[in-house]
Amino acid sequence: MARLPRYFVPDVPLHLIQRGNNRQVIFAGDEDFGYFRDCLRDAAHREGLAIHAYVFMTNHVHLLATPAAAASAGRTLQSVGRRYVQYFNQRYRRTGTLWDGRYKATVIDAEDYLFACMRYIELNPVRAGMVAHPRDYRWSSYRAHAEGEGDGLLTDHRLFRCLGADAEASRAAYRQLFGGALTEALLTGIRDATNKGWALGSDRFRREIEALGSRRAGPGKAGRPPSEAADDLTGDLF
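Residues numbered from 1 in each chain as written. Predicted model: local features only at pLDDT ≥ 70, side-chain atom pairs only at ≥ 80, totals over all residues. Heavy atoms only, no water.

**Student:** Mind showing me how you'd approach the overall build of the protein chain here?
**Tutor:** Helices and strands together make up the secondary structure of the protein chain, namely nine helices and four strands. Along the protein chain, helices and strands appear, N-terminal first, in the series β-α-β-β-α-β-α-α-α-α-α-α-α. Across the 238 residues that make up the protein chain, the buried fraction comes to 49%. Sequence-distant contacts, at least 24 apart, represent 74% of the contacts inside the protein chain between residues at least 6 apart. (Helix = DSSP H or I, 4+ residues; strand = E, 2+ residues; numbered from the N terminus. Buried < 20%, exposed > 50% of the residue type's maximum accessible area, 1.4 Å probe, protein only. Contact = heavy atoms within 4.5 Å.)

**Student:** Help me understand the sheet that holds strand S2 (residues 49-56), please; the structure alone is not making it clear to me.
**Tutor:** For sheets, the rule is that strands pair by backbone hydrogen bonds, running either parallel or antiparallel. Taken together, four strands build an open sheet; the order of strands is S2-S3-S1-S4 and the sheet is antiparallel. Strands with a single pairing partner mark the edges of an open sheet, and in this sheet they are S2 and strand S4 (104-107). On average, each strand axis in the sheet is inclined to that of its neighbour by 20°, with strand direction left out of account. Two strands pair when backbone bridges link them, and strand S1 (residues 14-19) and S4 are joined in this way by four bridges, in the antiparallel orientation. Within S4, the residue paired with Leu-14 across the bridge is Val-107. Helix H1 (residues 30-47) contacts S2 and strand S3 (60-67) of the sheet and is inclined by roughly 165° relative to S2. (Pairing = 2+ DSSP bridges. Axes fitted to C-alpha atoms, helices over the stretch in contact; angles between N-to-C directions.)

**Student:** Explanation requested: the pattern of salt bridges in the structure shown.
**Tutor:** A side chain of one charge can pair with a side chain of the opposite charge if their charged atoms are brought near each other. Applying the stated criterion across every chain yields a total of 14 salt bridges. Here Asp-42 and Arg-41 are joined by a salt bridge, their closest N and O atoms 3.4 Å apart. (Salt bridge = Lys/Arg side-chain N within 4 Å of Asp/Glu carboxyl O.)

**Student:** Honestly, the pairing of S3 in this entry has me stumped. Any pointers?
**Tutor:** Sheet faces and side chains relate simply in a regular strand, where the side chains alternate between the two faces. Taking burial as the measure, the eight residues of S3 include eight buried ones, the bulk of the element. Of the two faces of S3, the one carrying His-60, His-62, Leu-64 and Thr-66 and the one carrying Val-61, Leu-63, Ala-65 and Pro-67 are both buried. Relative to S3, S1 is paired through six bridges, and the arrangement is antiparallel. Counted as the bridge partner of Leu-14 is Ala-65 from S3. Pairing analysis gives seven bridges linking S2 to S3, with the strands arranged antiparallel. Residue pairing in the sheet places Val-55 in a bridge with His-62 of S3. Where S2 folds back on S3, the antiparallel hairpin that results is connected by three residues.

**Student:** In this structure, what is going on with H1? I would like to understand it.
**Tutor:** For an α-helix the count is 3.6 residues per turn, leaving residues at separations of three or four pointing the same way. Relative to the 26 Å expected for 18 residues at 1.5 Å per residue, H1 spans 26 Å between its end C-alpha atoms, a close match to the ideal helical length. What H1 keeps buried is the set Asp-32, Phe-33, Gly-34, Phe-36, Cys-39, Leu-40, Ala-43 and Ala-44. Lining the buried residues of H1 we find S2, S3 and helix H2 (72-91). Gly-48, located one to two residues past H1, shows a positive phi value of around 80°. (Expected span 1.5 Å × (residues − 1).)

**Student:** So what exactly am I meant to see when it comes to the nonpolar core here?
**Tutor:** Grouped burial of nonpolar side chains is what soluble globular proteins tend to show. Formed by 69 residues in total, the largest nonpolar core has its most connected members in Phe-36 and Phe-56. Looking at this core element by element, the count peaks at nine residues for helix H3 (residues 110-122). Not counting the four nearest positions on each side in its chain, Phe-36 is found in contact with Phe-27, Phe-56, Val-61, Val-80, Tyr-84 and Trp-99. (Core = buried A, V, L, I, M, F, W, Y, C linked by side-chain atoms within 4.5 Å.)

**Student:** Looking at this model, I keep getting lost on the packing of aromatic side chains. Mind explaining?
**Tutor:** Given two aromatic rings, one states the distance between the centres and the angle between the planes to describe the pair. For the structure shown, the criterion picks out 19 aromatic pairs. With centroids separated by 4.9 Å and ring planes inclined at 75°, the aromatic side chains of Tyr-142 and Phe-178 adopt a geometry described as edge-to-face. On the criterion of sequence distance, the pair formed by Tyr-142 in helix H5 (residues 142-147) and Phe-178 in the loop between helix H7 (167-177) and helix H8 (184-196) is long-range, its members being 36 residues apart. Look at Tyr-142 and you get buried, because its relative accessible area is 2%. Owing to a relative accessible area of 14%, Phe-178 belongs among the buried residues under this scheme. Following the ring pairs from residue to residue traces out a cluster consisting of Phe-27, Phe-33, Tyr-35, Phe-36, Tyr-54, Phe-56, Tyr-84, Tyr-87, Phe-88, Tyr-92, Trp-99 and Trp-139. (Phe/Tyr/Trp six-rings, centres within 6.5 Å; stacked < 30°, edge-to-face > 60°.)

Right, dumping it as structure tokens:
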């Protein structure tokens, strides 16, 4: 099957996923997570990729980020991939590839789905049964957003800054978003959009993306995942 072209729309965020080859472990300890975060921070700053949310799981990574240029996401992940694989192979005395080929990406209608996608990303460890609350997982952006923990990797999205009159009010409003969980239908909608390269948004948003990208941005009969209003914490690991 031919690869779908990458989307790039100025000021429109992407949900990005990079997995380990055959879903193998890519982080074996805290030093690995920390080194990867340093690699990602350096490359993202250099290539113009503003990262708004992230989670590093044992065998895959989720990012929500806005690229400054069409090549920003690809160059960032390529740089991180090369640097981290060299480190990982040397540390664990292994050879060969670490990543499962091409990263997955989809554009996000920020006005409707930014916070749903942020919650989806930061709740990954909860759905995986690793922690009871996202604050208990070290390798995600939750504690920066909800508790003000310093994180040099992140750039706040403008909609996050608009949650409250000041930083503390924004954090309090963000914590309130986690009072409920994501519906199974919304979880499926986010996964389908990312895995299949569809745009995540309203029918109008998809039509706009299709016009820019000259290809279909959703299923044959475009549908929209339910709103964030109803929530449920069920879901699989990613």
